Amino acid sequence: MLNRKAGLTALIGITVAGLASGCLSSNSGSSTNAGTAGGPGKSTIEVMYGLGPDTEPGFKVDVQNWAKQNNITVKFTKAASWDTEIRTRVQGGNAPDVGLFPQPGLMCDLAKQKKLVPFDDATVATDKETLVPGFVEAGTCADSKVYGLPNEVSVKSILWTDGPAFKAAGYQDPKTLDELLTLTQNIKSQGKTPWCIAAESGAATGWPITDWIEDLVLRFAGPDNYDKWVKGQLKFNSPEIKPAWEYLQKIAFGEGFVRGGTKSIVATNFQTGGNALFAQPPGCYLFKQATFVANKGGFPDAVISKLDTETKPLAFPAKTEGDKPVLVGGDLAAAFNNDPNTLKLRNFIASKENGTQQAKNGAFSPHKTADVTLLPNKTLQTIASDVLYKATAARFDGSDAMPAKVGAGTFWTEPVKWLSGQQDLDTTLNNIDDSFPKTGS
């Protein structure tokens, strides 16, 4: 699943920043929350999303099958720039019926302005029985109501290796972060390059570093402190959060640890930056990236066609062996009105019954009860069963939930300066902290 961060621009960041700071008109005359829970319901329901080309076809088939059974017509609207287009639609009083939010922060901004309808307690309770721990919390906003539940997710806590090369070298799978550092040093001591790290993404250069830090914060600080950090209650330069950056610093700045050196990280494309894994001899042995990299446009086609034999994905290690936190991205289904058919469709999208066709196209269900054999290859099946569905705590991408000025701003740009050698770590963290909107602003 192609990470939609890559398509964001500075302009969108400014737009969303305005939204996050309350600039979106409440528009009391809007029809956004129009509709009643009684009556037969709408015959046509519009669902709007920004899904990528690998997820959209399966999603449409799953929803169309449901709609046919319920005698409902679904209008599918794809947004090229989700943040901008949904803001415009809502502000104009012309919101869709159902929206799929890749950013919990933006969803909660709209919920605060009474533009969304929360899930009922019974539906939340039913879904929570099978959802990976943490997914209900991801869709819960400041008023403690659940406004969004996930349709599908991608797994970010993955280390990719060239399976045969990794085995031939005799390397052992690291189970802890300390073991990962030991492995890194071992590879380097053999005259080889341990890591490929890639953060170039055009106008969005730097976002892949947020995934690194989020995974490390989840491990060093724990899920509760991760949540506080995302909300701005813990600073980037706090003793709880800084160790995540210091760990990345050991790898990214380690002499001979990264292919091309530290400064190359921000010039290496995030999608293809791991392809050196498969060179002969390997140009690196470890590459951290979400599961979307195993789709067309990421790894070489020849590797993707033989994913099960050419790659060996590893769970990004925990701080303590046995702990199994996982970082994900995904889309949360939310309703813009309380029409009964709108709510039925939203509830279906978030249910364990949804996702059959999406799974066949490689998308992960957020429900632990999902049939992993529907996934198209053993590699993805293993990631689902051994990483996602065994997670002790799952968290959505933190930068997506932060104010856009940070999450799509300084959290991208300041690490670029750090990795480029323009400033030290403390300056980087302090600059991000200084950019975080003050409470009530």
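The model shown is predicted, which means the values in this text are computed figures rather than measured ones.

Participant: How should the nonpolar core be read in this particular structure?
Facilitator: The nonpolar side chains of a soluble globular protein tend to be buried, and buried together. Of all hydrophobic cores here, the largest spans 58 residues; its most connected members are Phe-101, Met-107, Leu-116, Phe-135, Phe-299, Phe-364 and Leu-388. Residue assignment for this core shows that the elements contributing at least two residues are helix 3 (82-91), helix 4 (104-112), helix 6 (135-138), strand 4 (149-155), strand 5 (158-160), strand 9 (325-335), helix 16 (378-388) and strand 10 (393-396). If you look at the next biggest cluster of nonpolar residues, it comprises 50 residues, including Ile-209, Ala-252, Trp-418 and Leu-425.

Participant: Hey, could you run me through the pattern of salt bridges in this one?
Facilitator: For the structure shown, the criterion picks out 14 salt bridges. The salt bridge partner of Glu-56 is Lys-78, with a shortest N-O separation of 3.3 Å. In this pair, Glu-56 sits in helix 2 (residues 56-69) while Lys-78 sits in strand 2 (residues 73-78), placing the two residues 22 residues apart along the sequence. For the salt bridge of Lys-417 with Glu-414, the shortest nitrogen-to-oxygen distance reads 3.0 Å. One end of the pair, Lys-417, and the other, Glu-414, are both in helix 18 (residues 404-419), three residues apart, so they sit about a helical turn from each other. Overall, Lys-417 belongs to the partly exposed group, its relative accessible area being 30%. Connected via shared salt-bridge partners are Lys-156, Asp-211 and Asp-397.

Participant: How do you make sense of the sheet that holds strand 6 (residues 195-196) when you look at a structure like this?
Facilitator: Hydrogen bonding along the main chain pairs the strands of a sheet, whether they run parallel or antiparallel. Pairing within the open sheet is mixed, and its four strands lie in the order 6-7-5-8. Unpaired on one side and paired on the other, strand 6 and strand 8 (314-315) mark the two borders of the sheet. Sheet strands in contact with helix 8 (residues 177-189) are strand 5, strand 6 and strand 7 (286-288), and its direction is about 140° off that of strand 7.

Participant: Just checking my understanding: could you explain the state of the cysteines for this structure?
Facilitator: By definition, a disulfide links the sulfur atoms of two cysteines through a covalent bond. Counted by the stated rule, this structure contains two disulfides. Across the disulfide, Cys-108 is cross-linked to Cys-141 (sulfur-sulfur distance 2.0 Å). Here the disulfide of Cys-108 and Cys-141 is left-handed, its torsion about the S-S bond being about -85°. On the criterion of sequence distance, the pair formed by Cys-108 in helix 4 and Cys-141 in the loop between helix 6 and strand 4 is long-range, its members being 33 residues apart. As far as burial versus exposure is concerned, Cys-108 and Cys-141 are alike and both buried. Across the disulfide, Cys-196 is cross-linked to Cys-284 (sulfur-sulfur distance 2.1 Å).

Participant: I keep staring at the pairing of strand 10 and nothing clicks. Help me out?
Facilitator: Residues in a regular strand project their side chains so that they alternate between the two faces of the sheet. Of the two faces of strand 10, the one lined by Ala-393 and Arg-395 and the one lined by Ala-394 and Phe-396 are each fully buried. In terms of strand pairing, strand 9 meets strand 10 through four bridges, oriented parallel. When the sheet's bridge partners are listed, Pro-325 is paired in strand 10 with Ala-393.

Participant: I would appreciate a short explanation of the environment of Thr-369 in the present structure.
Facilitator: Tracing the backbone shows Thr-369 in the loop between helix 15 (356-360) and helix 16. Sequence-wise, Thr-369 and Ser-385 are 16 residues apart; in three dimensions their C-alpha atoms are separated by 10.0 Å. Among all residues touching Thr-369, those that are not within four sequence positions of it are Thr-130 and Lys-352.

Participant: Please clarify how the pairing of strand 1 (residues 44-49) should be interpreted in this entry.
Facilitator: Burial within strand 1 is extensive, with five of its six residues counted as buried. Bridge count between strand 1 and strand 2: six bridges; the pairing is parallel. Its bridge partner being in strand 2, Ile-45 is matched across the sheet by Val-74. Viewed along the sheet, the connection from strand 1 through helix 2 into strand 2 turns out right-handed.

Analysis parameters
- Residues numbered from 1 in each chain as written.
- Predicted model: local features only at pLDDT ≥ 70, side-chain atom pairs only at ≥ 80, totals over all residues.
- Heavy atoms only, no water.
- Core = buried A, V, L, I, M, F, W, Y, C linked by side-chain atoms within 4.5 Å.
- Buried < 20%, exposed > 50% of the residue type's maximum accessible area, 1.4 Å probe, protein only.
- Helix = DSSP H or I, 4+ residues; strand = E, 2+ residues; numbered from the N terminus.
- Salt bridge = Lys/Arg side-chain N within 4 Å of Asp/Glu carboxyl O.
- Pairing = 2+ DSSP bridges.
- Contact = heavy atoms within 4.5 Å.
- Axes fitted to C-alpha atoms, helices over the stretch in contact; angles between N-to-C directions.
- Disulfide = S-S within 2.5 Å.
- Right-handed = clockwise from strand over helix to strand, strands pointing away.

None of the figures reported here should be taken as evidence of function without further support.
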